[in-house]
Amino acid sequence: MSETRKPWHGVIVATSLPFDDDLAVDLGAFGESVAWLAEQGLHGVAPNGSLGEYQTLTDEERDRVVETAVAHAPDGFTVMPGVGAYGAREAVRHARFAKDAGCQAVMCLPPNAYRADDRAVLEHFEQVASVGLPVTAYNNPIDTKVDLRPELLAKLHAEGFIVGVKEFSGDVRRCYEISELAPGLDLMIGTDDTVLEVGIAGAKGWVAGYPQVFPRACLALYEASVSGDLQTALPLYRELHPVLRWDSKTEFVQAIKLGQDMIGRRGGRCRPPRQPLAPETEAVVRAATQALVDAGVR
């Protein structure tokens with residue numbers, strides 16, 4: 001890993017969160033997972049995001065998850081927790097805890113209690129940035145109903161509120177507009193099934209789900225994509241895409257946790273309101289995952 005890598009660069013794993021039989025957070029299993037991801041050569045973790053089911057966690061649980069990630073992260077391995085919340089007061093509280101715990105950056109959704117306008121978005125990120133940690137924005141208009149459009153991202157960057165953006169809209173075309181309007185804003189791949197497209201568009205990082213299942217293959221795909229090595233990237237992308245596409249579907253948490261279970265890692269159940277995969281959906285995910293396991297993908 002390069003000594004000059006910025007904390008939000010590279011493959012930052014959006015970690016799932018294991019629960020015990022009573023659906024209490026299993027911090028021991030989570031800490032072991034963080035250490036294992038570092039051993040696989042990945043660059044960091046982003047706990048308390050959507051994949052970490054942050055909406056179902058108490059503040060206390062979110063704090064313990066952050067502390068556990070930091071405690072199991074080796075030197076040079078990023079911990080960039082999500083600080084998503086309905087409003088800035090709550091997001092700032094999570095960002096302050098992350099800073100005090102020793103995190104290197106935070107990932108922040110826009111306010112999502114309602115369809116916030118640009119003024120509300122700017123104020124939200126200004127307050128989170130005031131904590132003093134680098135902030136990567138998380139653009140997920142599908143779930144939040146607030147779209148961090150290229151021109152709004154450029155404004156946020158110009159004001160010094162954000163250093164990068166996890167782009168989850170799925171619209172690769174806007175990646176080029178972002179780089180035109182805000183050349184210094186680091187583009188980060190936000191959907192596992194657009195790795196190649198956003199990688200060759202100039203991405204500096206990938207906030208990723210499926211490296212928890214196929215870490216080395218995903219790392220190889222990322223490195224080939226951002227370097228423009230299509231001869232390596234394209235066949236690997238085609239091979240992985242049947243599972244990567246599940247990262248952009250409603251059942252992404254359950255799908256990735258199933259993949260973890262299938263390779264002998266700890267996935268397990270989700271907290272309500274997420275339900276187990278429907279049998280027909282599970283069959284599709286299981287078949288796609290098993291095909292890669294049988295092919296020796298790791």
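This structure is a prediction, so every number in the text was calculated from the model and none was measured.

Asks: Give a detailed account of the UniProt feature "binding site: pyruvate" (unreviewed entry) in the chain, specifying residues and quantitative values.
Replies: Residues given the UniProt feature "binding site: pyruvate" (unreviewed entry) here are Val 207. Structurally, Val 207 can be placed in strand E8 (residues 205–208). With a relative accessible area of 2%, Val 207 lands in the buried category. Beyond its immediate sequence surroundings of up to four residues, Val 207 is in contact with Ile 12, Ala 14, Ala 46, Met 80, Met 107, Lys 166, Met 188, Ile 189, Gly 190 and Asp 192.

Asks: A description of helix H4 (residues 118–129) should follow, citing residues and the corresponding values.
Replies: With twelve residues, H4 should cover 16 Å at 1.5 Å per step; its first-to-last C-alpha distance of 16 Å lies within 8% of that length. Three or more residues of H4 are buried, namely Ala 120, Val 121, His 124, Phe 125, Val 128 and Ala 129. Angular distribution of buried residues about the axis of H4 spans 160 degrees; they occupy a single face of the element. Among the structural elements, helix H3 (88–101), strand E4 (106–108), strand E5 (135–139) and helix H6 (150–158) are those in contact with the buried residues of H4.

Asks: Help me get a handle on the pairing of strand E1 (residues 10–13), residues and values and all.
Replies: Inspection of the sheet shows E1 paired to E8 by four bridges, in the parallel sense. From the neighbouring strand, Gly 10 faces E8, where its bridge partner is Gly 205. A crossover links E1 with its parallel partner strand E2 (residues 44–45), the connecting element being helix H1 (residues 27–39), and its sense is right-handed.

Asks: Account for the environment of Val 297, with residues named and values stated.
Replies: Relative to the helices and strands, Val 297 resides in the segment after helix H12 (279–294). Measuring from C-alpha to C-alpha, the distance between Val 297 and Arg 216 comes to 8.3 Å, with 81 residues separating the pair along the chain. Among all residues touching Val 297, those that are not within four sequence positions of it are Phe 214, Ala 217, Glu 239, Leu 240 and Leu 292.

Asks: Give me the lowdown on the layout of surface pockets, citing residues and values where you can.
Replies: Considered as a void within the structure, the largest pocket measures approximately 450 Å³ in volume. Taken together, 21 residues line the largest pocket, and the ones lying closest to its centre are Ser 50, Gln 55, Asp 143, Phe 252 and Arg 274. Within this model, the second largest pocket holds a volume of roughly 290 Å³. Around the second largest pocket, the lining is made up of 15 residues, and of these Gln 254, Gly 268, Arg 269, Pro 276 and Leu 277 lie nearest the centre. Only helix H11 (252–262) and H12 provide two or more residues apiece to the lining of the second largest pocket.

Asks: How would you summarise a nonpolar patch on the surface if you had to cite specific residues and measurements?
Replies: On the surface, Tyr 176, Ile 200 and Leu 230 cluster together to form a nonpolar patch covering roughly 280 Å² of accessible area. For Ile 200, the position within the fold is in helix H8 (residues 195–200).

Asks: Can you tell me about the packing of aromatic side chains, naming the residues and giving the values?
Replies: Within this structure, the stated rule accounts for two aromatic pairs. Pairing Tyr 138 with Phe 168 gives two aromatic rings, centres 6.2 Å apart and planes at 80 degrees, and the pair type is edge-to-face. Of the two residues, Tyr 138 is situated in strand E5 and Phe 168 in the loop between strand E6 (164–167) and helix H7 (173–181); the sequence distance between them amounts to 30 residues. Residue class for Tyr 138 comes out buried when judged on its relative accessible area of 5%. Pairing Trp 206 with Tyr 222 gives two aromatic rings, centres 6.5 Å apart and planes at 25 degrees, and the pair type is stacked.

Asks: Lay out the UniProt feature "active site" (unreviewed entry) in the chain with the relevant residues and their values.
Replies: Here, the residues flagged by UniProt with the feature "active site" (unreviewed entry) are Tyr 138 and Lys 166. For the residues just named, distributed over 29 residues, the greatest C-alpha separation is only 4.7 Å, placing them together at one site. Lining the largest cavity, out of the annotated residues just given, are Tyr 138 and Lys 166. Leave out the neighbours within four places in its chain, and Tyr 138 touches Ser 50, Met 107, Cys 108, Leu 109, Pro 110, Leu 148, Lys 166 and Phe 168. Tracing the sequence through the fold places Lys 166 in strand E6. Residue contacts for Lys 166: discarding those within four places in its chain leaves Met 107, Ala 137, Tyr 138, Asn 139, Met 188, Ile 189, Gly 190 and Val 207.

Rules behind the numbers
- Residues numbered from 1 in each chain as written.
- Predicted model: local features only at pLDDT ≥ 70, side-chain atom pairs only at ≥ 80, totals over all residues.
- Heavy atoms only, no water.
- UniProt positions renumbered as here; feature names shortened; annotations may be inferred.
- Helix = DSSP H or I, 4+ residues; strand = E, 2+ residues; numbered from the N terminus.
- Buried < 20%, exposed > 50% of the residue type's maximum accessible area, 1.4 Å probe, protein only.
- Contact = heavy atoms within 4.5 Å.
- Expected span 1.5 Å × (residues − 1).
- Arc of directions from axis to C-beta.
- Pairing = 2+ DSSP bridges.
- Right-handed = clockwise from strand over helix to strand, strands pointing away.
- 1 Å grid on protein atoms, 1.4 Å probe; cavity = no way out; pocket = protein on both sides within 12 Å on 5 of 7 lines; lining within 4 Å.
- Points joined across faces, edges and corners; volume = space filled by probe spheres on them.
- Patch = residues over 30% accessible without salt bridge, like charges linked within 9 Å, V, L, I, M, F, W, Y side chains within 5 Å.
- Areas by Shrake-Rupley, 256 points an atom, 1.4 Å probe, with all protein chains shown as cover.
- Salt bridge = Lys/Arg side-chain N within 4 Å of Asp/Glu carboxyl O.
- Phe/Tyr/Trp six-rings, centres within 6.5 Å; stacked < 30°, edge-to-face > 60°.

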